[in-house]
Every structure is written in C-alpha cells, then in structure tokens.
Amino acid sequence: MSHLSSPPQKQKGEHKGRGLPRGSERGSSSRDKDRSATVSSSVPMPIGGKGSRTNCSPSVPQKVPNRLINEKSPYLLQHAYNPVDWYPWGQEAFDKARKENKPIFLSVGYSTCHWCHMMEEESFQNEEIGHLLNEDFVSVKVDREERPDVDKVYMTFVQATSSGGGWPMNVWLTPNLQPFVGGTYFPPEDGLTRVGFRTVLLRIREQWKQNKNTLLENSQRVTTALLARSEISMGDRQVPPSAATMNSRCFQQLDEGYDEEYGGFAEAPKFPTPVILNFLFSYWLSHRLTQDGSRAQQMALHTLKMMANGGIRDHVGQGFHRYSTDRQWHIPHFEKMLYDQAQLAVAYSQAFQISGDEFYSDVAKGILQYVARNLSHRSGGFYSAEDADSPPERGMRPREGAFYVWTVKEVQNLLPEPVLDATEPLTSGQLLMKHYGLTEAGNISPSQDPKGELQGQNVLTVRYSLELTAARFGLDVDAVRTLLNTGLEKLFQARKHRPKPHLDSKMLAAWNGLMVSGYAVTGAVLGQERLINYAINGAKFLKRHMFDVASGRLMRTCYAGPGGTVEHSNPPCWGFLEDYAFVVRGLLDLYEASQESSWLEWALRLQDTQDRLFWDSQGGGYFCSEAELGAGLPLRLKDDQDGAEPSANSVSAHNLLRMHGFTGHKDWMDKCVCLLTAFSERMRRVPVALPEMVRALSAHQQTLKQVLILANGDPSSFLSRQLPFLSTLRRLEDRATAYVCEDQACSMPITEPCELRKLLHQ
C-alpha cells in the first residue's frame, strides 16, 4: 500500500436524505489512490443540518503536552501539543473505552503526509473539536509506519465500504476494536458536497447514545464479511497456476493500460511502481526473441526515461518524489520516501544492465548519492522520509514543494554569466531555463495549485534532449552538459540556505532492508565497491540496532537520538512480516554482491524465525503480523497486492526459491509452492495486482541456471557445506573458475568471461 495524500475531491454517488455520504460509487479500490473526505459507514446515520456548522479555524496549540510526548515516533510527536487527549495504540486506551463505554476514534497517518498536516492544523489543533473528542471518544493516534498491521486492517474496512483509501485514515471503533465508520481526510466544516469533521463527530456521538446496539450488530456483520473476503488459503488446490498463463495475462493487462507518450500505466496521479518495471524486465528476459518481449523492454525503459526527465525527479538534489499529479510526470507530490529510492535504484541499475545506456546508471548513482547525503544515519542506518512541506522562508507557514521550486528571477540572479560561442546573447540561467522548461509565469497550472501557493514558481523538468538544446544555441553537446551541471550545482548550493523539509528520522527494518538491496545490487551491477560498502554498513546497522540476539527476532523501529545515538521504544516494537522478508532479500543481495557468507548465514536464520512467527501451516503463505502482536485486532491479514512496496509474500516467495538454491533444503521449496498455491485465486483473478509474485511463479516453474564461481576453492566454505555437490568442482590452473548448473548438474569448467556469456545466452 502506498503513501498518498491528496486534496479533497467532490464525491460521486452521495446518498441523500438520512445517512452519511458513502463516497464515490465508482468501485475503485486502488491502494494507490486516495479519496480524501470520503466517509464509509456500516449503518445509516442521520445528517446534521446546515445550522450545525461552526467556525473551526485553527487555534494556538496548548503548551501542556498530551501523553504522546512520551512516544518516539516523529508522527506522534507532531500531535503531542494538540488539545486532543490522544492515546497511543495500546491496552490503556482500550480499557478506558470499555470502562467508560465510549467509541474509539482511531486516526492513522505518517509524519510526511501533507493532508495529515492539514487535518491536524484544521481540526486536531482546534479547541472545540478537541473538547468533543475528549468528552465522547477515546482518541488513538497511530503511525502507520510503526504499526502497518493496524493500518492494513482498518484500511481494508475503509476500502471495502467506500471508494478507496489514503491518509489520514480516520476510523471509529467499538471498544472491542471492530470498525463501524471510516474515512480519510475531513475538512473541519461542512461543504456543499462534504461533511465536516465536527458534524461527523456529533452524528456518531448521537448514534452511539441512541442506536448503539444496531451499531454493534452491523459492525460485527461487516467484520464477519471482511474475514471471509480477506481469507487467502490453498483450499482444495494442490498446485499453483500456470506461470505462462499468468505471465501472459499480466503483460496484456499492463500493455492495455500503458501510456505510449509519457510511459507509466495511468492517467493521473502516476506512481513509479518499480514492481511493474521489474516484471517487464523479467518478461523481456524470458521472451527476448518475441515481439511481446521487445515491447515489454521498451515499455519499462521508456517509463524510466520519462520519469527521470520529469519533475518527479529532483534534478537539483537527486532522488525521486512520491508520485506525479499529472500524466507527464511534471508536477510531483513532493515528499521523498526511502522505499522509493531503494527500489528505483535497483530498477535504473537493471535498465543500465539491459540497455548499456549510461543515462540509467547515472540516475541510479544520483539516487544513492541523495540517500547517502540526506537519509543516512552515521551508524549506517537509513531514515524513512523527507516531507513535502517546508516554509518558503524562516518563520512562514509551511507550503508543499516550497523547498524544490524556483522563480525565473532566482535562476537569473544565480546564473548571470554569459555563454560564450552561442549564436545569440545567452546567459547560463537562460540556457538552464530553456532546457528545464522554466517560464516567467511559472510552469505549474492552477489546477495543480488549488491554494495558489505556487504562482510564478517552476518545477524543473527536462524539455529537450541535450542535442536539441545544443543545436538551438549552436553549442557543443559536451559544453551544454557542463554548463547545465554547473548551473544545477549552483542551484543546489543556493537551496541549502532554504528552510529544509521535515526529516522523519525513524528507521524501519523493512525499508532498511530494501535500501541494503538498493546499494548492493547497484554496486554489483556498476562494479563499485563503495556502494557495496554502504550496503554492508546498512546490514551491520540492522544487526547491531534492530536485531535481538536472544530471541532471534527483528525490531520494527529505531530512532535517531541526540548526538548521533540510536534509541528504541520501550517496550520495543517487534518486526512484522515485511521486516523479515525485505531484510532477508537485502542480505541475499548483499551476499551475492560481497561474497561474504556471514550475510547468507544470517538470512537463513531470519528465514527460520519468519517461518516460526508468520507461516500459516493450514492455509499456506505468511500472515502480515504475529498472532500475539495483533491480539484484539478483528482481522489477521495476508497482504495480497504489490503496490508502492512489493507484498511481503511476493518477496518471501523469491527468498524461499533463492535459499533453496543456496542450500538445497526441500522445506523452503515446499513452502514456496504452498505460498504460490494459496495466492492462486488472486493471481488468476487480477495478475497485474501481483506482478512480483507472478515473477516468483515464473522462477519456480522455469529451470533456473545457477552460476557458481570458485574464487578460492575452499571445500569447507559455508556454501560447500550446504551443497555437498560443490565439493566435486575444482578450479582450473589456480584461476577463478565458473560453472553453470541446473538441478545440481553442472557444465564443464569455464575460465574465460566470453565463454560464460555465450553459455548463459544459450
């Protein structure tokens, strides 16, 4: 499920008469789209009249903190001075709700979410709304990145009972944690097509007093329906579906939705979706000689190029923003997430590997340069995100994108130098503005700036190739490249003096695992030891700060403390399935990049722990959370969608296959087959929802080749102990020797790279 917050939208299909509006009736349940201001309810509820409106303008936050001041989460700390009597998720809040017979108001978000900021400013800082919440509800605030299990359960409810989901997510629960009303962003006041937050609170308060039994009955009925709907199990199936069929259907669905001109797979908003790009590369690899294979490669490479040229990429400081608000990849939602950087670094390095075009490797290196500079703890860990909002100047109210946009005047003042040898009078600033599409009026349309905060501002986006820009002014291509790079560096230095966006310095095991993969894979592809060392330091950080040796368990979170220290919550937040799956993947990638067997050994131990904590021995596949950790939640889910991040079950399927290849342990192959069988129905129904799992299905049903390179010929090595057949292989003439193996049957020894390349292409 992706991070997304978006401005309020008019709702279609609003129910008239008596009842809460239920949002759009379009039937979309995309997890990458927010339907802000939607409301979902399991029971009809009376509408308040226009007379119930009130002025909910923000008031000055109280100086006395609430109990969130004792939390570590940056998101919870942002709400520590609200007049709302917030509780963190936990037994204290649940006991209070049961004792006082009050509904729970659950609000879920994350610290870099623009519309979470808006709702806090408009509603949660409001004294009157705070009083309503404190008198009639038990208010619980959750950081979705700390507790993805809580987020997934109640997002399932919101998506099932309305047109979509997003953040902030606001859900009302019974004291037994069963949902009965939910929605996303609420404006403070009633509008022509939207119900204000204060009105919603008043209606729910009245219904709880007058109609509580009906609420409870309907809540139970909805929960029962969600349990049946969300069940993923092998059932009577014995084998997974045909990989060839799923591959073909997934490719066809992507082909039908592909944007020929700008790349990507939607109109707007447009998301990077690395899982789709990975699928297309894999599809090309297995269909290289076919028209569809060439088409898949072209779709992926063109999408990556258009993204890298667009405003979704930060051309000044590198890295990618969360998503584009338009079809052209031009105007982004400006937050930067670690998981995007990690996955896109891999996608761009693979694009270079496939195409040989250094454009893609330069983008990958730029992403990792940004992460090293802005999202790295000095002990080796990686921070979660940078905010979309920041003050244009110190002391001003934060605005979305303020840190990243430019006026023509700013660029002209920073780059006044004349460009020699141009066919017309030209400054460095004018050259840069022409290439990146800056205009005096600004290049952000009013429809993308509903509050008018970005008038006259520009987002850098490549409008012309270097060759066209050079030809336009009669310049040499290399000279233009140098001038543009020099100009961007001056903009970067000037931007350092602007107020910076908020940094979410929380560190998550899952996203750190993805980032270890990002550095390891890119370092291996580009042959850069320095990048592999970043991956090694990231893995060391995980083992030192996010792994409990005594229990063998991962911790979900840790936090940057003062003076470069690392802090933990007390009690610790233990890892979820995605933490194990993504860290194991990172360690396997790091083993392959570094050839240090200690990372493989740790990956195998973590996989054993993952199997013990999350495996469904009856239905197959992995639950997202431990049974004990999720005690009290109405659902225990298995994530069934590859979205902004891949499903942990999809990644686990790959991990199990790889570890079976490294060890020959049959149990992991058996688990992989059970997992793929459990998700059969979901893959058959909507293969495009699980492209990463379709890739794993293909890998399982193909005969995979293993390339074994004997560098030292040590028969006592860890891998040799796992795979006894390796002891029969020998180095030739004391040289590094490669073998290509299938099902533990190996080729003749190879000592020349050209021979190995030829054999792999057969």
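Under an unreviewed UniProt entry, the name given to the chain is Spermatogenesis-associated protein 20, and the organism recorded is Canis lupus dingo. A UniProt comment under Function (unreviewed entry) is attached to the chain, and it reads "May play a role in fertility regulation." Here is the UniProt Subcellular location (unreviewed entry) comment for the chain, exactly as written: "Secreted".

(A) Inspection of the overall build of the chain at higher detail. A tally of helices and strands in the chain yields 26 helices and 21 strands. Projected onto its principal axes, the C-alpha coordinates of the chain cover approximately 90 × 75 × 50 Å. The buried share of the chain, taken over its 762 residues, is 58%. Taking the intrachain contacts of the chain between residues at least 6 apart in sequence as the baseline, contacts between residues at least 24 apart amount to 70%. Placing the 83 positive and 87 negative side-chain charges of the chain at their respective mean positions leaves the two points 3 Å apart.

(B) The confidence of the model for the chain, seen in detail. With 91% of its residues at a pLDDT of 70 or more, the chain shows a mean pLDDT of 90. In this model residues 1-38 is a low-confidence stretch, pLDDT under 50, and it forms 133 contacts with partners more than four residues away in sequence or in other chains. Taken as a whole, residues 44-58 scores under 50 in pLDDT and shows 38 contacts with residues more than four places along the chain or in a different chain.

(C) Examining unusual backbone geometry more closely. The residue after tryptophan 167, namely proline 168, is reached through a cis peptide bond having omega 5 degrees. Mapped onto the elements of the fold, proline 168 is located in the loop between helix H5 (148-161) and strand S5 (169-173). Cis geometry marks the peptide bond from asparagine 570 to proline 571, where omega comes out at 5 degrees. Tracing the chain through its elements places proline 571 in the loop between strand S18 (566-567) and helix H19 (577-594). With phi around 60 degrees, aspartate 734 is a residue other than glycine that occupies positive phi space. Here aspartate 734 shows up in the loop between helix H25 (718-722) and strand S20 (737-742).

(D) Quick look at the sheet that holds strand S17 (residues 557-560). In spatial order, the strands read S14-S17-S18; together these three strands make up an open sheet with antiparallel pairing. Where the open sheet ends on each side, the last strands, each with one partner, are strand S14 (506-508) and S18.

(E) Spatial organisation of a positive patch on the surface. Taken together, the side chains of Arg373, Arg394, Lys496 and Lys500 present a region of like positive charge at the surface. Among the secondary structure elements, arginine 373 is positioned in helix H12 (residues 358-374).

(F) Spatial organisation of the nonpolar core. Ranked by internal contacts, the top residues of the largest apolar core, which has 122 residues, are Leu280, Phe320, Tyr348, Leu590, Leu606, Leu676 and Met683. In terms of residues, this core owes the most to one element, H19, which gives 11 residues. When near neighbours in sequence (up to four residues on either side) are disregarded, leucine 280 contacts Phe251, Leu254, Phe265, Ala296, Met299 and Ala300. Within the second largest apolar cluster, 57 residues are counted, among which are Met155, Phe157, Val181 and Leu215.

(G) View of the packing of aromatic side chains. Under the defined criterion, the tally for this structure stands at 30 aromatic pairs. Cluster of aromatic residues (ring-pair linked, three or more members): Trp86, Phe105, Phe124, Trp172, Phe186 and Phe197. Between the NZ or CZ atom of arginine 498 and the centre of the ring of tryptophan 406, over which it lies, the distance is 3.9 Å. Just above the ring of tryptophan 615 sits the side chain of lysine 671; from NZ or CZ to the centre is 5.4 Å.

(H) Broad picture of the UniProt feature "domain: Spermatogenesis-associated protein 20-like TRX" (unreviewed entry) in the chain. Cross-referencing UniProt, the feature "domain: Spermatogenesis-associated protein 20-like TRX" (unreviewed entry) maps to residues 65-226 in the present numbering. As annotated, residues 65-226 has a helix share of 49% and a strand share of 15%, and its two end C-alpha atoms lie 37 Å apart.

(I) Examining the pattern of salt bridges more closely. For the coordinates displayed, the defined rule picks out 42 salt bridges. Residues glutamate 145 and lysine 506 are paired through a salt bridge, measuring 2.8 Å at the closest nitrogen-oxygen approach. On the criterion of sequence distance, the pair formed by glutamate 145 in the loop between strand S4 (138-143) and H5 and lysine 506 in strand S14 is long-range, its members being 361 residues apart. The buried category is assigned to glutamate 145, whose relative accessible area is 1%. We note a salt bridge from arginine 658 to aspartate 589, for which the minimum N-O separation is 2.9 Å. Within this pair, whereas arginine 658 is found in helix H21 (residues 648-663), its partner aspartate 589 is found in helix H19, the two being separated by 69 residues in sequence.

(J) A look at the side chain of threonine 522. Tracing the chain through its elements places threonine 522 in helix H17 (residues 509-526). Polar side-chain contacts of threonine 522 include one of 3.4 Å to the backbone oxygen of alanine 345.

(K) Expanded view of the side chain of glutamate 386. Mapped onto the elements, glutamate 386 comes out in strand S10 (residues 385-386). Put simply, glutamate 386 is tucked away with no salt bridge, and the nearest opposite charge, on lysine 336, sits 4.9 Å away. A distance of 2.7 Å separates the side chain of glutamate 386 from the side chain of tyrosine 370, its partner in a polar contact. Looking at glutamate 386, its side chain comes within polar contact range of the side chain of asparagine 374, at 3.4 Å. In this structure, glutamate 386 is in contact with Thr112, Glu335, Lys336, Tyr370, Asn374, Leu375, Tyr404, His502 and Leu503, ignoring residues within four places of it in sequence.

(L) Local environment of the sheet that holds strand S21 (residues 745-746). An order of S19-S20-S21 is seen for the three strands of this open sheet, with the pairing classed as antiparallel. The sheet is open, and its two edges are formed by strand S19 (706-710) and S21, each paired on a single side. By the bridge criterion, five bridges tie S19 to S20 in an arrangement that is antiparallel. Looking across to S20, one finds that valine 707 is bridged to valine 740. Across the sheet, helix H26 (residues 753-760) touches S19 and S20, and the angle it forms with S20 is around 10 degrees.

Rules used throughout
- Residues numbered from 1 in each chain as written.
- Predicted model: local features only at pLDDT ≥ 70, side-chain atom pairs only at ≥ 80, totals over all residues.
- Heavy atoms only, no water.
- UniProt positions renumbered as here; feature names shortened; annotations may be inferred.
- Helix = DSSP H or I, 4+ residues; strand = E, 2+ residues; numbered from the N terminus.
- Buried < 20%, exposed > 50% of the residue type's maximum accessible area, 1.4 Å probe, protein only.
- Contact = heavy atoms within 4.5 Å.
- Lys, Arg positive; Asp, Glu negative; His and termini not counted.
- Charge placed at Lys NZ, Arg CZ, Asp CG, Glu CD.
- pLDDT = per-residue confidence, 0-100.
- Pairing = 2+ DSSP bridges.
- Patch = residues over 30% accessible without salt bridge, like charges linked within 9 Å, V, L, I, M, F, W, Y side chains within 5 Å.
- Areas by Shrake-Rupley, 256 points an atom, 1.4 Å probe, with all protein chains shown as cover.
- Salt bridge = Lys/Arg side-chain N within 4 Å of Asp/Glu carboxyl O.
- Core = buried A, V, L, I, M, F, W, Y, C linked by side-chain atoms within 4.5 Å.
- Phe/Tyr/Trp six-rings, centres within 6.5 Å; stacked < 30°, edge-to-face > 60°.
- Lys NZ or Arg CZ within 6 Å of the ring centre and 35° of its normal.
- Polar contact = N/O pair within 3.5 Å; in protein donor to acceptor, adjacent residues only side chain to side chain.
- Axes fitted to C-alpha atoms, helices over the stretch in contact; angles between N-to-C directions.

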